[in-house]
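Listed below, chain by chain, are the residues.
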Amino acid sequence: MELFIMVLIFLVLIGISNIIHRFIPFIPVPLIQIALGIGAAYVRGFHHVELNPELFLVLFIAPLLFNDGKLTPRDELWKLRSYILLLALGLVFATVLIAGPFIHWLIPAIPLSAAFALAAILSPTDAVAVGSLSGRVKLPGKIMRLLEGEALMNDASGLVAFNFAIAATVTGYFSLTKAIGSFVVIAVGGIVIGALLGFLVIWFRMLLRRFGMEDVTLHMLIIILTPFIIYLVAEEFHVSGILAVVAAGVTHAVERDRMRSASIKLRVVSDSTWSVILFTLNGLVFILLGHEIPDVVNEIWSDPAYNNGQVIGYVLLITAVLILLRFVWVWASTNRQFKSSLLTALSGVRGALTLAAAFSIPLTLSDNSPFPERNLMLFICAGVILLTLMIASILLPILTRESHDDVVDAKHDERNARVQMLKAGLCAIREEMSDENKDEAMQLIYTYSKRIQQAQIMNKSDMREFWSSTIAIRQIGLDAERHVAETWLKERRGSSRMVEGFLVSLNKVEMLLTSRYKFKLLIRSLWRQLKRLTNKSSEINEIPMSPDHPQWEEYKVLKQEAIQAAIHKIQAMENVEKPAILRAVIADYRAMEHELLNDRVWSRRKREFTSESMELELKAIQAERNQIQSMFEEGEIDRAQASHLRMDINYREAHLYESQA
């Protein structure tokens, strides 16, 4: 039960991390998740499970790399094959041979063979962490493809080198020729077994389809189980399970391309299912990483045998050597420019695989003596992971921003952002259009097309001033309307419940306009709820929706008086910088009054705003909000620009609500 509660809390933390990221998108999700995992570790009574490296590899790394193998463009990887091999194989072994002796020189207490092992597990990069940076950082496409291809391969080479170095430390024996031969067998064997098993799974699924078994659930179950089974089978044959699942992923990508038209439903279900699985696994990887860090750090931090400042210095120096070595290797072997080499070097973020491998370091040697400096090696791994993540989070956005000046200038144009926002709403309407709502959809498509044309010709500064001034003036009008309604309540004019319903509608309009519930609105709403609870009937009468309502005439008098009060208060404003905006708001009130007094116009207007039309426009508005958030998270607009764009949406949503009120 404790384990179940721990997993449940971790899943909740994953959701919280993404909520936090929406408000502070400049901090990568992995860093937020690591911080939440660290916080969870300090909760008293929280169940703690020590990280099991073998379970971690099969449960997390296998499905993640299988999916990466399916999605990574094969054509681009093939074009970059020589560069990928230079990084995934050459750089890993260069790191072991150069960083290993440096670590031994820096920390003589760590034997040379153990230093080789530490360098080996610090060499693989983490594709998940790099991918989380790419949306914000805007790395060039070729560099991202190179990093993805490297991450698919270097886990296996790093782990193989690590295992041989650990074996040499434990037994005191090492043979270079045997190590090279074993590496070739392990790597090639993993690729061959993975490809064969991948094609076998594909053949089995095609056989099921020939027998008429098209059940999407069954096929989806087979696909989900594939990476776990292939990894376990490959490890049973003592070859690389990591390379096996990557090879199986590539074979499934080939099958996906060939059967694209024949299994549309399966692809839709597969994409949706894998998106949930990957979202959960990626989050759990970094939550678990953060959860393990406090124990790793405390072992060293509380040990008087270690100088805390000195061990931090170890982390800084080793990280600097790893980045420098990576930079020199990329610059010398791939003939890249200085800046491209620097971006590639800083993007070499280490991740949870490094710490998981570190936990697999045995506690004792063959003579039952303690493994030398095991806790210090774990501490260094944790420190390098955090430091490389922070360095990439801080420096990469700065460097990539400079290399994309033209793109950023164009994207930071608020007018272009407004057009993108409206196009997202238009796209949502077209996707939701059906035979039942075709008329309403076509009307909204025309409206959105007109808005896009207006946005393309309006100056961005004019739009900012227009919406901020319009909402401020409209707020004054709402205050005047609310004063009239409260006066009606005090003087007991009309039905109190109808007036209270009118006040509730004003509160909702104000909430939509300001995009937040102000404190005074909250207090007012709570007070009215308390008053209603003391009455025998606690429901508020709905606002009269049409001339057929028995309280229609009473509502017309209240609304007309409220409109007149709003117009009078707005007209009394002095020193208005934008009189045209003031006149536009008054014109809106005048139009509302005209429709109110003409029962036939009001009835026709209500018929136009059908439930289908309302639903379509609300979906379009949500699509616009999603587009704004996406542009904000990717750095295309800043917080102020996002706020101005949301003003536009809030005003239209408030107007839409008033049309239904």
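Here's a quick rundown of the structure. Everything numeric in this text was worked out from a predicted model, so none of it was measured. (Residues numbered from 1 in each chain as written. Predicted model: local features only at pLDDT ≥ 70, side-chain atom pairs only at ≥ 80, totals over all residues. Heavy atoms only, no water.)

## Some remarks on the overall build of the protein
Part 1 of the reasoning: Counting secondary structure elements, the protein contains 27 helices and zero strands.
Part 2 of the reasoning: Burial analysis of the protein (661 residues in total) assigns 49% to the buried set.
Part 3 of the reasoning: For the protein, the proportion of contacts with a sequence separation of at least 24, taken over those separated by at least 6, is 79%.
Part 4 of the reasoning: Here the protein displays about 32,200 Å² of accessible surface, and carbon together with sulfur accounts for 61% of that area. (Helix = DSSP H or I, 4+ residues; strand = E, 2+ residues; numbered from the N terminus. Buried < 20%, exposed > 50% of the residue type's maximum accessible area, 1.4 Å probe, protein only. Contact = heavy atoms within 4.5 Å. Areas by Shrake-Rupley, 256 points an atom, 1.4 Å probe, with all protein chains shown as cover.)

## Overview of the packing of helix α6 (residues 112–122) against helix α8 (residues 141–171)
Part 1 of the reasoning: It is the contact of α6 with α8, at a shortest axis distance of 8 Å, that shows an interaxial angle of 165°. By the angle class used here, α6 and α8 are roughly antiparallel. The way α6 lies across α8 gives a crossing that is left-handed. Contacts between α6 and α8 involve Ser113, Ala114, Phe116, Ala117, Ala120 and Ile121 on the former and, on the latter, Gly158, Ala161, Phe162, Ala165, Ile166, Ala168 and Thr169.
Part 2 of the reasoning: Residues belonging to the contact of α6 with α8 are distributed by class as follows: 10 nonpolar, three polar and no charged. (Axes fitted to C-alpha atoms, helices over the stretch in contact; angles between N-to-C directions. Parallel < 35°, antiparallel > 145°, perpendicular 65-115°, else oblique. Left-handed = near helix turned anticlockwise from the far one by under 90°. Nonpolar A, V, L, I, M, F, W, Y, C, P; charged D, E, K, R; others polar.)

## A closer look at unusual backbone geometry
Part 1 of the reasoning: The backbone of Asn368 shows a phi angle near 70°, a positive value even though the residue is not glycine.
Part 2 of the reasoning: Note on placement: Asn368 falls in the loop between α15 (352–359) and α16 (374–402).
Part 3 of the reasoning: The phi torsion at Arg492 lies on the positive side, around 55°, for a residue other than glycine.
Part 4 of the reasoning: Relative to the helices and strands, Arg492 is located in the loop between α20 (460–490) and α21 (496–514).

## Comments concerning a nonpolar patch on the surface
Part 1 of the reasoning: On the surface, Leu3, Phe4, Ile5, Val7, Leu8, Ile9, Leu11, Val12 and Ile16 cluster together into a nonpolar patch covering about 730 Å² of accessible area.
Part 2 of the reasoning: With respect to the element layout, Leu3 can be found in helix α1 (residues 2–23). (Patch = residues over 30% accessible without salt bridge, like charges linked within 9 Å, V, L, I, M, F, W, Y side chains within 5 Å. Salt bridge = Lys/Arg side-chain N within 4 Å of Asp/Glu carboxyl O.)

## Some thoughts on the packing of aromatic side chains
Part 1 of the reasoning: Per the counting criterion, the structure on display carries nine aromatic pairs.
Part 2 of the reasoning: Relative to Phe379, the ring of Trp301 lies with its centre 6.4 Å away and its plane at 20°, an arrangement referred to as stacked. Here Phe379 lies in helix α16 and Trp301 lies in helix α12 (residues 264–301), a separation of 78 residues in the sequence.
Part 3 of the reasoning: Assessed through its relative accessible area of 41%, Trp301 is described here as partly exposed. (Phe/Tyr/Trp six-rings, centres within 6.5 Å; stacked < 30°, edge-to-face > 60°.)

## Section: the environment of Met144
Part 1 of the reasoning: Mapping Met144 onto the fold places it in helix α8.
Part 2 of the reasoning: As a C-alpha pair, Met144 and Ser347 span 203 residues in sequence and 9.1 Å in three-dimensional space.

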